[in-house]
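Observations on the three-dimensional arrangement
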Amino acid sequence: MKHGFKSSSPESHGGWHCYITNAIKEADYAQFWRGSPAQRRNDAARAWAPLLAWELEQSRPMLVVALGKTVRSILDQFRRQGLRFPRVETVQHYSYVALHPRGNQGPMHPERVHEYDLEFAEIASLYRRLQLGAA
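Residues numbered from 1 in each chain as written. Predicted model: local features only at pLDDT ≥ 70, side-chain atom pairs only at ≥ 80, totals over all residues. Heavy atoms only, no water.

**A word on the pattern of salt bridges**
Scanning the model with the defined rule gives seven salt bridges in all. Here Arg46 and Asp43 are joined by a salt bridge, their closest N and O atoms 3.1 Å apart. Of this pair, Arg46 and Asp43 both sit in helix α2 (residues 38-59), three residues apart, roughly one helical turn. A relative accessible area of 36% places Asp43 in the partly exposed class. A salt bridge links Glu122 to Arg129, with the shortest nitrogen-to-oxygen separation between them at 3.3 Å. What makes Glu122 partly exposed here is its relative accessible area of 43%. Exposure remark for Arg129: the relative accessible area of 30% places this residue in the partly exposed category. (Salt bridge = Lys/Arg side-chain N within 4 Å of Asp/Glu carboxyl O. Helix = DSSP H or I, 4+ residues; strand = E, 2+ residues; numbered from the N terminus. Buried < 20%, exposed > 50% of the residue type's maximum accessible area, 1.4 Å probe, protein only.)

**Side note on the pairing of strand β2 (residues 87-91)**
Remember that side chains alternate between the two faces of the sheet whenever the strand is regular. Sheet topology note: the strand β1 (residues 63-67)/β2 ladder contains five bridges and is parallel. Bridge assignment links Leu67 to a residue of β2, and that residue is Val91. Tracing the backbone out of β1, into helix α3 (residues 69-80) and back to the parallel element β2 gives a crossover that is right-handed. (Pairing = 2+ DSSP bridges. Right-handed = clockwise from strand over helix to strand, strands pointing away.)

Here it is, written out as structure tokens:
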């Protein structure tokens, strides 16, 4: 609601102005994914590429937002397999902000939460510029 991604209350159904999906449609955790052999990651990307391609074709997004560096690397794997994406931007994964300290700032430190919020404000602003053809 805050940045215009949803126009109804958080607990209500519908009202979304974005499409949310997983690049890999299986329950891998990021640390497991990063530690798995390249062949396994390539096989998973190859297996799920047709479904993600279909989703992109159906939704025709102007912008794809990757939640974290791991997802960005997965999208790069899809690209190497020939999948085409519109503009891709990366924001921190919420679990990084919520669970990992940074310097003397602990998990969920107000400054980090504020930075995370600013990232989504910038994504919303970029999307509006893309809609107007100005980005």
